[in-house]
Amino acid sequence: MTIAVIGGGLMGVSLSYFLSQAGHRVVLYEASDQIGGLAGTIRLGDVEVDRFYHIILSSDTHMQALAYELGLAGRLRFRATGSAFFHQGRLYPMTTVRDFLTFPPLRPLDRLRLGLTILAAYLHRDWRHLEEIDVERWLVRWGGRRAFQHLWRPMLRAKFDGCFEELPATYIWARLIRTRSTRRGATQQEQAGYLVGGHMTLIRAMAQAITRAGGEIRLRTPVQEVILEEGRVVGVRVDGAAEPCAAAVLTLHPPLVPRLLPGVEGPWVEDLRSWRYLGIVCVLLALDRPLTDYWTIYIADESVPFTGVIETTRYIDPADVGGYHLVYLPKYVTGDSPWLTASDGEILEAWLGHLQRMFPSFQPEGIRHARVHRERYVEPLFPRGAWRRIPPLAPPIPGLFLVNLTQIYPALTNGESLTRHARQAAVAIGKRLEA
Ligand SMILES: Cc1cc2nc3c(=O)[nH]c(=O)nc-3n(C[C@H](O)[C@H](O)[C@H](O)COP(=O)(O)OP(=O)(O)OC[C@H]3O[C@@H](n4cnc5c(N)ncnc54)[C@H](O)[C@@H]3O)c2cc1C
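Treat the numbers as computed from the prediction; the structure is a model and nothing was measured.

Just to check I follow, could you spell out the environment of arginine 113 for this structure?
If you trace the backbone, arginine 113 turns up in helix α4 (residues 108-123). C-alpha of arginine 113 to C-alpha of alanine 411: the two residues are 298 residues apart in sequence and 25 Å apart in space. Not counting the four nearest positions on each side in its chain, arginine 113 is found in contact with Trp142, Gly143, Gly144 and Ala147.

The following block contains the structure:
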């Protein structure tokens, strides 16, 4: 009994791994020429590096357990690191809770209220209550208008391409809970981790385990259609030909699913189409020297086109990435952003001009490689109440399963929440197939 898993990103690979470990025969179909999706790699000369930045937190216990399970414990590394905030032309460290609470643009009362906001998030238990409150109202209620204007508003505008009005307080709650878990000890110093070779090391190890268990991984093989007969799944169409399967699991982002189910309609299909996603435009620079002292700099300046400076080699040993210092300059975008269609040259010119103004010591001659990456589907957007439309694992077609990022809510989308979800989904699918 073959299970066809469609989409070879981290979700599809980990789901296939858990299914195959439970004794199912899996064929994993991936449209592109490599597995990994958003967690994939690119080559810079003879070195392979993450296309987008990926961090593992010390609290990411599932990712670490998975690495151990796959014999990769020796490739996990953790390092103390720090972040900062770029505000009105200056950098302010944001590494410890003390840094947060002494952020100069805030007055003593604002700082106290900021502390209260963080505490309120830590103590909150039922996120469904937070769905009823919009994020601005909740943040102003706990932290006051000034902290909102100087700190939260710029961060939210940056993350959501200016549109956070419909966002529930759940988002900031999930974010604060996750950030807390990076900090350790009395100084609350941040801890950041990685696998040598990136998330791709984990993905490749899972892929090997899938094939060892008798499964197949088919690259450059976009599935064109899920074939239904008498209302149930009997196969998938690939390159015009039918390939039989007992079940098809689509790990694609929901708006992409209906294309594979031509002629299938219904409220659940409409719901899939209605999901909006954040995309990303991200410049990657491989430099011959470090740029900053921080792994993340949040940018609260709306004139800067990118929304953060992520220097992964503040926690990744440069020796593990060919001696380069890797700097990612992301901008999260909605579907209509002009940056999605701008040329690489236009993006590099705008991004590098701003980087130079922010860091006068930055020397463009030190750039060894510069790449621009764009992706349309990165994170599902959850306006208030959208969780009620989360696609079910098993829609009303026998043999069809949907496993995707929306189902992770309210957790943020990352390797930890995603692999945890894939493990649970594999168990649930196995049970349904055996029933
Ligand atoms: C900028 C950025 C920073 C991030 N930072 C972190 C981090 O620090 N830590 C962390 O853990 N995570 C991080 N993530 C998140 C993580 O990379 C993603 O959430 C995860 O990789 C998503 O995996 P996915 O399988 O759901 O989707 P995708 O990676 O999008 O995979 C979907 C796959 O389906 C394939 N596909 C599409 N259509 C078809 C078809 N018809 N047939 C066959 N295949 C098809 C695609 O080619 C693709 O490979 C980050 C992501 C980004 C973009």
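Before we go on, may I ask you to explain the nonpolar core in this structure?
What tends to happen in soluble globular proteins is that the nonpolar side chains get buried as a cluster. Counting residues in each nonpolar core, the largest one holds 123 residues, and the members touching the most others are Leu15, Ala248 and Val249. Lining this core are residues from two domains, each supplying at least three of them: domain 1 (2-54 + 198-274 + 389-434) and domain 2 (97-187). Residues in contact with leucine 15, not counting those within four places in the same chain, are Val5, Val249, Thr251, Val403, Ala422, Ala425 and Ala426.

Sorry if this is basic, but what is going on with the environment of alanine 84 here?
Within the secondary structure, alanine 84 is located in strand β7 (residues 83-87). Using a count of 21 C-beta atoms within 10 Å as the deciding quantity, one classes alanine 84 as buried. Taking the C-alpha atoms as reference points, alanine 84 and isoleucine 56, 28 residues apart in sequence, are found 19 Å from one another. Leaving out residues up to four positions away in the same chain, alanine 84 has contacts with Leu91, Tyr92, Pro93, Met94, Tyr294 and Ile297.

What am I meant to see in the site of the ligand here?
Taken together, 33 residues surround the ligand, and among them Gly7, Gly9, Met11, Gly37 and Gly415 come closest. Going through the elements one at a time, α1 (10-21), β16 (277-287), β20 (367-380) and α11 (415-434) are the ones with two or more residues in the shell around the ligand. In the shell around the ligand, the residues fall into 21 nonpolar, 11 polar and one charged.

So what exactly am I meant to see when it comes to the pairing of β7 here?
Counting buried positions along β7 gives four out of five residues, so the element sits mostly inside the fold. Pairing geometry for β7 and strand β17 (residues 296-299), over four bridges, is parallel. Counted as the bridge partner of phenylalanine 86 is isoleucine 299 from β17. Hairpin connection from β7 to strand β8 (residues 90-93): two residues lie between these consecutive antiparallel strands, with glutamine 88 at a positive phi of about 45°.

Explain the sheet that holds strand β14 (residues 241-244) here, please?
As summarised here, the arrangement of the three strands in space is β12-β13-β14, forming an open sheet in which the pairing is antiparallel. Every other strand in the sheet has two partners, leaving β12 (223-229) and β14 as the edge strands with one partner each. Between one strand axis and the next, the sheet turns through 35° on average, direction left out of account. Relative to β14, strand β13 (residues 232-238) runs antiparallel, the two being bridged by four bridges. Paired with valine 236 across the bridge in β14 is glutamate 243.

Quick question: what am I supposed to make of the sheet that holds β16 here?
Paired through their backbone hydrogen bonds, the strands of a sheet run either parallel or antiparallel. In spatial order, the strands read β8-β7-β17-β18-β19-β16-β20; together these seven strands make up an open sheet with mixed pairing. Of all strands in the sheet, those with a lone pairing partner are β8 and β20, marking the two edges. On average, each strand axis in the sheet is inclined to that of its neighbour by 20°, with strand direction left out of account. Of the pairings in the sheet, the one linking β16 to β20 comprises 10 bridges and is antiparallel in character. The partner of valine 283 across the bridge, within β20, is valine 372.

Is there a simple way to explain α4 in this structure?
Since the α-helix turns once every 3.6 residues, residues separated by three or four places project in the same direction. Taking 1.5 Å of rise per residue, 16 residues should cover 22 Å, and α4 covers 23 Å from first to last C-alpha, within 8% of that figure. Within the span of α4, buried status applies to Asp110, Arg113, Leu114, Thr117 and Ala121. One side of α4 holds all its buried residues, which, seen down the axis, span an arc of 110°. Facing away from the buried side of α4 by over 90 degrees, the exposed positions are Pro108, Leu109, Leu119, Tyr122 and Leu123.

Whenever I open this one, unusual backbone geometry confuses me. Can you help?
Note: most residues except glycine have negative phi, and most peptide bonds are trans. Omega for the bond connecting tyrosine 409 with proline 410 falls within 30 degrees of zero, at 10°, which places this linkage in the cis form. Mapped onto the fold, proline 410 is located in the loop between β21 (400-402) and α11. The backbone phi angle of glutamine 88 is positive, close to 45°, even though this residue is not glycine. Note on placement: glutamine 88 falls in the loop between β7 and β8. What makes glutamine 88 exposed here is the crowd of 10 C-beta atoms within 10 Å. Even without a glycine there, the phi angle at arginine 220 is positive, about 50°.

Sorry if this is basic, but what is going on with helix α10 (residues 344-358) here?
For α10, with 15 residues, the first-to-last C-alpha span of 21 Å sits near the 21 Å given by 1.5 Å per residue. Along α10, the residues classified as buried are Ile347, Trp351 and Met358. Along the long axis of α10, the arc covered by the buried residues comes to 20°, so they all point the same way. Opposite the packed face of α10, turned more than 90 degrees from it, sit the exposed residues Gly345, Glu349, Gly353 and Arg357. Where the residues of α10 are buried, they touch β7, β16, β19 (325-333) and β20.

Calculation criteria
All chains use their own residue numbering, which begins from 1 and follows the written sequence. At least 70 in pLDDT is required for a residue's local features to be given in this predicted model, at least 80 for side-chain atom pairs to be given and counted, and no such filter applies to totals for whole chains, interfaces and linings, which use all residues. Every helix listed is a DSSP run of H or I at least four residues long, and every strand listed is a run of E at least two residues long, numbered separately from the N terminus. Think of it this way: build a C-beta for each residue from its backbone, and any pair within 7 Å is a contact. Nonpolar cores are identified as sets of buried Ala, Val, Leu, Ile, Met, Phe, Trp, Tyr and Cys residues joined via C-beta atoms within 7 Å. Buried means a residue has 20 or more other C-beta atoms within 10 Å of its own C-beta, exposed means 12 or fewer, and partly exposed covers the counts in between; C-beta atoms are placed from the backbone. These domain limits were set by an automatic method or by a database of domain assignments. Contact assignment follows one rule, namely that a residue is near a molecule or strand if its backbone-placed C-beta atom lies within 6 Å of it. Residue polarity is assigned by list, with Asp, Glu, Lys and Arg as charged and Ala, Val, Leu, Ile, Met, Phe, Trp, Tyr, Cys and Pro as nonpolar; anything else, Gly included, falls into the polar class. Note on pairing: two strands pair once DSSP finds at least 2 bridges between them. Lines fitted to C-alpha atoms define the axes, with helix axes restricted to the stretch in contact, and inter-axis angles between N-to-C directions lie between 0 and 180 degrees. What a helix should span is 1.5 Å times the count of its residues minus one. What the arc describes is the spread of directions from the helix axis to the C-beta atoms.

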